[in-house]
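Each chain, written out:
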Amino acid sequence: MPLATMASASSAPLLAAALLLCAIAATSPVTAGAGGRGPINTNGRSYTKVCDPSRFASLGLDMSRFRYCDASLPYADRVRDLVGHLTLEEKVRNLGDRAEGAEARVGLPPYYWWGEALHGVSDVGPNGTRFGDVVPGATSFPLVINSAASFNESLWRAIGAVVSTEIRAMYNLGHAELTYWSPNINVVRDPRWGRASETPGEDPFLVGRYAVNFVRGMQDLAAGTSSGAGDPFARRIKVSSCCKHFAAYDVDAWRDADRLTFDARVTERDMAETFERPFQMCIRDGDASCVMCSYNRVNGVPACADAGLLTETVRRRWQLHGYIVSDCDSVRVMVRDAKWLNLTGVEATAAAMKAGLDLDCGMFWEGARDFFTTYGVDAVRQGKIAEADVDNALGNVYMTLMRLGFFDGAPEFEALGAGDVCSGDHVELAADAARQGMVLLKNDARRLPLDPRKINSVSLVGQLQHINATDVMLGDYRGKPCRVVTPYNAIKKMVNATYLHSCDNGACDTAGAIGKAARTSRIADATIVIAGLNMSVERESNDREDLLLPWNQTGWINAVAEASPHPIVLVIMSAGGVDVSFAQNNSKIGAIVWAGYPGEEGGTAIADVLFGKHNPGGRLPLTWFKNDYVNQIPMTSMALRPDAARGYPGRTYKFYDGPAVLYPFGHGLSYTTFTYASATTGATVTVPVAAWEHCRALTYRSGGAAPSPPPACPALDVASHRCDESVRFAVTVRNTGGVGGDHVVPVYTAPPAEVGDAPLKQLVAFRRVFVPAGGAVEVPFELNLCGDFAIVEETAYNVVPSGASAVIVGDDALAMSSPVTINLAVSV
């Protein structure tokens, strides 16, 4: 084999075959053919709508007899008419994800509700999304944890907008529906959680802001488009987006605990502060049209049968303008797995619907049916629920389809077709998202970037699954990508010669394998090792037991580093944190880059970062712990705060007080250097507290930390205050290095030092800005008193404490703090 592409004998045929398949996939032309919804027209698309007179005529029906097709009427009236035409049996047959419709009698076609678009259009789920013929694939963006690492709200919205455009194009071509159960916005409470790749990280504010922007990108129509904005229940939307999984869901399969039977014991304080907050933001600020309830129980009650969660919180308090769907098979799980209250299928169906569940997603094995469809009629006839409960559920789901244009069409999207899927702009956005999410963890002696003018040869070492990551980079809930650019593809374009040593799982640490890797490292100008995890280690239904690299990777990485004449570069593919303290502490490992699971353009992004075409600006959206952490606290402990009685050190950067942190939340290096400056040295805010407003007690640290004399108003109840007060300041970010780059400016607040059981700090704002070499950018911030300085007290009240809070700008060595004194002035 040629020297420039030398590989180990055991892996070369597999590598060659994989690269050939990748090349074929990347260059295959899009061809016309029959779509799933209707015939393909000469312009390459088909488009149908329910309320088409010719469609009704083909069914032998007169559309004018059905007021639900009268576009001059309000949506609510039309939905009532549609539901009123249905018999009880027909209604029930439309309560599942595979709604059967009532086409022959009333013109209502079947509809497949289950669609997934976590990081691109996916074909997970039965029938809803279909690749093939004119749509062989769709743009596969980085996994959500990668996108979150960009700390870039405009990027998140842009990704949502591209995904929804591709969905609309596929819908026109008969390859997709219009309802997609994304994003996943559960907070990563424990680093072992297998679904960390799907979420935006451990901070509820960051998770919430991701949710708001992704949902807005998915749902919002273009500015200036008529959207029925006067009535939020009739506001037109582009694609329906769903916030999941509500609530307190973050245990999949850890030792004896699994998500089907786990009972999450959560305090009201932790619910309000952490588990509910992203969902509240997603619904109130993002105006999501769907919420999915989770498998687990919360304090003894299944989430999908908890009226306090679904009806009282989601619908009444947060004002959901949409429908509530179960995680797939959740109602069956109540009976079969949790055996909750020993309910029968009829009783579980009634309990879930009365709690506020509108749509029951069943599993997709052959012959399986959801519980609502199976037991709904009996639940009504046995008096467990009223038929009006069924009507209400159907009203919520069909109102959503009205808003989507399912019945009337959506003229602004009719022109979308095959050319709007996998377009050049979309593929470039996927590459840019992967670049923005790359995090430089270590860079001793400026080992990176590699200079392509000086680096003529590279030794590329690692497991085949990571070097030629056609599968690993795409992660879970992926569809079929437009193309895949692997690290091998991209790196070999940067240099004249690439010496490759790849191995399969568990075969990298043999003497022969290490010897081959060492020999190529000695003759190359630079050695790049690509290592990490994959979906067999961390994924849905599979939590981790430890935070270590599997398959003996640590040993052979150290051996390759020792053999190399130059410090090596280590690239890590993972979602959750990995204990790479061995690499952080090894001077022969000069740089570490976290690449996550970067999607179809991941290889391009990795090569661009390693060779300096892109200056990394990503930040870790979750804390990377050393492996000792797993021995300090069980995954099933839901508490966030430290528990001295049990020896638990707490969770996430907001509360953890132990020694096991490897890289903190927000950590990320650059190829340049930055400094901060601000004219603001502090602020004092006096808040008049009227007689009708409410002061609350405050928990103080033990040992005499309470102020003396105690303040007349220790803390202000946010719910009783207008919350007009704010603090404004600006930070000047100066690039003191020789290369331009993006920089993330995070802003935290910390409560007064004397307050007990409070967060150490909490993220309240962030901005990602580009600063040219030698230049400076002023970044303004405005913090709302109630929104950004409030904490959740032990009693679960959301309060603003009196005293000296702090604003902290920046992470690591850049962090600077200034006091904000809050005086709560009680009216006499």
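None of these values were measured; they are calculated from a predicted model.

Asks: Report on the overall build of the chain, specifying residues and quantitative values.
Replies: When helices and strands are tallied, the chain shows 24 helices and 31 strands. Since a compact globule built from 828 residues should have a radius of gyration of about 28 Å, the 28 Å found for the chain is in line with a globular shape. Taken over the C-alpha atoms alone, the chain extends approximately 80 × 80 × 55 Å along its principal axes. Per-residue burial over the chain gives 63% buried out of 828 residues. In the chain, the share of contacts with a sequence separation of at least 24, taken over all contacts with a separation of at least 6, comes to 78%. As displayed, the chain has an accessible area near 28900 Å², and 52% of this comes from carbon and sulfur atoms. Separation of charge centres in the chain, based on 74 positive and 88 negative side chains, amounts to 3 Å.

Asks: Tell me about the environment of valine 239, residues and numbers included.
Replies: Tracing the backbone through its elements, the reader meets valine 239 in the loop between α8 (204-219) and β4 (240-246). Once you skip the residues sitting within four places of it in the chain, valine 239 turns out to touch Ser164, Ile167, Arg168, Leu178, Tyr180, Met218, Gln219 and Leu404.

Asks: Give a detailed account of the UniProt feature "domain: Fibronectin type III-like" (unreviewed entry) in the chain, specifying residues and quantitative values.
Replies: As recorded in UniProt, the feature "domain: Fibronectin type III-like" (unreviewed entry) lies at residues 743-813. Helix makes up 6% of residues 743-813 and strand 56%. Its end C-alpha atoms lie 14 Å apart.

Asks: Pulling in residues and values, what's your account of helix α14 (residues 371-381)?
Replies: Structural remark: α-helix, 3.6 residues per turn; residues separated by three or four positions point the same way. Every buried residue of α14 is accounted for by Phe371, Phe372, Thr373, Gly376, Val377, Ala379 and Val380. Along its buried surface, α14 packs onto α4 (88-92), α12 (330-336), α13 (345-355) and α15 (387-403). N-cap assignment for α14: the residue whose side-chain oxygen lies 3.2 Å from the backbone N of phenylalanine 372 is aspartate 370. Glycine 383 sits one or two residues past α14 and shows a positive phi near 75 degrees.

Asks: Requested: an account of the pairing of strand β25 (residues 741-750), with residues and values cited.
Replies: In terms of residue burial, β25 counts as a mostly covered element, since 10 of its 10 residues are buried. Residues of β25 alternate between two faces, with Gly741, His743, Val745, Val747 and Thr749 on one and Asp742, Val744, Pro746, Tyr748 and Ala750 on the opposite face, all of them buried. Pairing geometry for β25 and strand β26 (residues 762-771), over 9 bridges, is antiparallel. Paired with glycine 741 across the two strands is valine 771, which belongs to β26. Bridging between β25 and strand β30 (residues 803-809) involves 4 bridges; their strand directions are antiparallel. Looking across to β30, one finds that alanine 750 is bridged to alanine 806.

Asks: Any chance you could break down the packing of aromatic side chains for me, citing the residues and the numbers?
Replies: Under the criterion given, the structure shown has 28 aromatic pairs. Here the aromatic rings of phenylalanine 151 and phenylalanine 665 are separated by 6.1 Å at their centres, their planes lie at 70 degrees, and the arrangement is edge-to-face. Here phenylalanine 665 lies in the loop between β19 (661-663) and β20 (674-677) and phenylalanine 151 lies in the loop between α6 (144-148) and α7 (153-172), a separation of 514 residues in the sequence. This pair shows no difference in class: phenylalanine 151 is buried, exactly as phenylalanine 665 is. The interplanar angle of 25 degrees and the centroid separation of 5.6 Å between the aromatic rings of phenylalanine 729 and phenylalanine 781 together place this pair among those described as stacked.

Asks: Summarise the sheet that holds strand β3 (residues 179-180); cite the residues concerned and give the values.
Replies: What the 4 strands build is an open sheet, ordered β3-β4-β8-β11; its pairing is parallel. Each end of this open sheet is capped by a strand with a single partner; those strands are β3 and β11 (323-326). Looking at chain direction, β4 and strand β8 (residues 290-293) are connected through 4 bridges and run parallel. Residue cysteine 242 lies in a different strand from β8, and its bridge partner there is cysteine 290.

Asks: How would you sum up α8? Please name residues and give values.
Replies: Helix length check: α8, at 16 residues, gives a terminal C-alpha distance of 22 Å against a target of 22 Å (1.5 Å per residue), a fit within 8%. The element α8 is extensively covered by neighbouring structure, given that 15 of its 16 residues are classed as buried. A side-chain oxygen of the first residue of α8 lies 3.0 Å from the backbone nitrogen of phenylalanine 205; this N-cap is aspartate 203.

Asks: Tell me about the sheet that holds β30, and name the residues and values.
Replies: Strand order in the open sheet formed by 5 strands is β21-β31-β30-β25-β26, and the pairing between neighbours is mixed. Two strands bound the open sheet, and with one partner strand each, they are β21 (683-689) and β26. Pairwise comparison of adjacent strand axes, ignoring direction, gives a mean angle of 20 degrees for this sheet.

Asks: Explain the nonpolar core residue by residue, including any values.
Replies: Counting 126 residues, the largest nonpolar core has Ile528, Ile557, Val580, Leu610 and Trp624 as the members making the most contacts within it. By residue number, the principal contributor to this core is α7, which donates 8 residues. Membership of the second largest hydrophobic core comes to 102 residues, among which are Leu108, Tyr171, Ala303 and Val397.

Asks: Run through the state of the cysteines, naming residues and quoting values.
Replies: Following the criterion strictly, the structure yields 8 disulfides and no others. Between the sulfur atoms of cysteine 242 and its disulfide partner cysteine 290 the distance amounts to 2.2 Å. Looking down the S-S bond of the cysteine 242 and cysteine 290 bridge, the torsion is -50 degrees, so its handedness is left-handed. Of this pair, cysteine 242 sits in strand β4 while cysteine 290 sits in strand β8, and the two are 48 residues apart along the sequence.

Asks: Explain the pattern of salt bridges residue by residue, including any values.
Replies: Taken as a whole and assessed by the stated rule, the structure comprises 47 salt bridges. Taking the shortest distance from any N to any O, the salt bridge between arginine 453 and aspartate 451 comes out at 3.1 Å. The class for arginine 453 is exposed, based on a relative accessible area of 74%. In this structure, a network of salt bridges that share partners links the residues Arg195, Glu198, Asp252, Arg259 and Glu540.

Asks: Which residues make up the packing of helix α9 (residues 268-275) against helix α10 (residues 277-284), and what are the values?
Replies: Look at α9 against α10: their axes get within 5 Å of each other, and the N-to-C directions meet at 50 degrees. Here α10 runs oblique to α9, going by the angle between their axes. Note on element contacts: α10 touches α9 through Arg277, Pro278 and Phe279, opposite Met271, Ala272, Glu273, Thr274 and Phe275. Tallied by class, the residues present in the contact of α9 with α10 amount to 5 nonpolar, 1 polar and 2 charged.

Calculation notes
- Residues numbered from 1 in each chain as written.
- Predicted model: local features only at pLDDT ≥ 70, side-chain atom pairs only at ≥ 80, totals over all residues.
- Heavy atoms only, no water.
- Helix = DSSP H or I, 4+ residues; strand = E, 2+ residues; numbered from the N terminus.
- Rg over C-alpha atoms; globule rule 2.2 N^0.38 Å.
- Buried < 20%, exposed > 50% of the residue type's maximum accessible area, 1.4 Å probe, protein only.
- Contact = heavy atoms within 4.5 Å.
- Areas by Shrake-Rupley, 256 points an atom, 1.4 Å probe, with all protein chains shown as cover.
- Lys, Arg positive; Asp, Glu negative; His and termini not counted.
- Charge placed at Lys NZ, Arg CZ, Asp CG, Glu CD.
- UniProt positions renumbered as here; feature names shortened; annotations may be inferred.
- Polar contact = N/O pair within 3.5 Å; in protein donor to acceptor, adjacent residues only side chain to side chain.
- Pairing = 2+ DSSP bridges.
- Phe/Tyr/Trp six-rings, centres within 6.5 Å; stacked < 30°, edge-to-face > 60°.
- Expected span 1.5 Å × (residues − 1).
- Axes fitted to C-alpha atoms, helices over the stretch in contact; angles between N-to-C directions.
- Core = buried A, V, L, I, M, F, W, Y, C linked by side-chain atoms within 4.5 Å.
- Disulfide = S-S within 2.5 Å.
- Salt bridge = Lys/Arg side-chain N within 4 Å of Asp/Glu carboxyl O.
- Parallel < 35°, antiparallel > 145°, perpendicular 65-115°, else oblique.
- Nonpolar A, V, L, I, M, F, W, Y, C, P; charged D, E, K, R; others polar.

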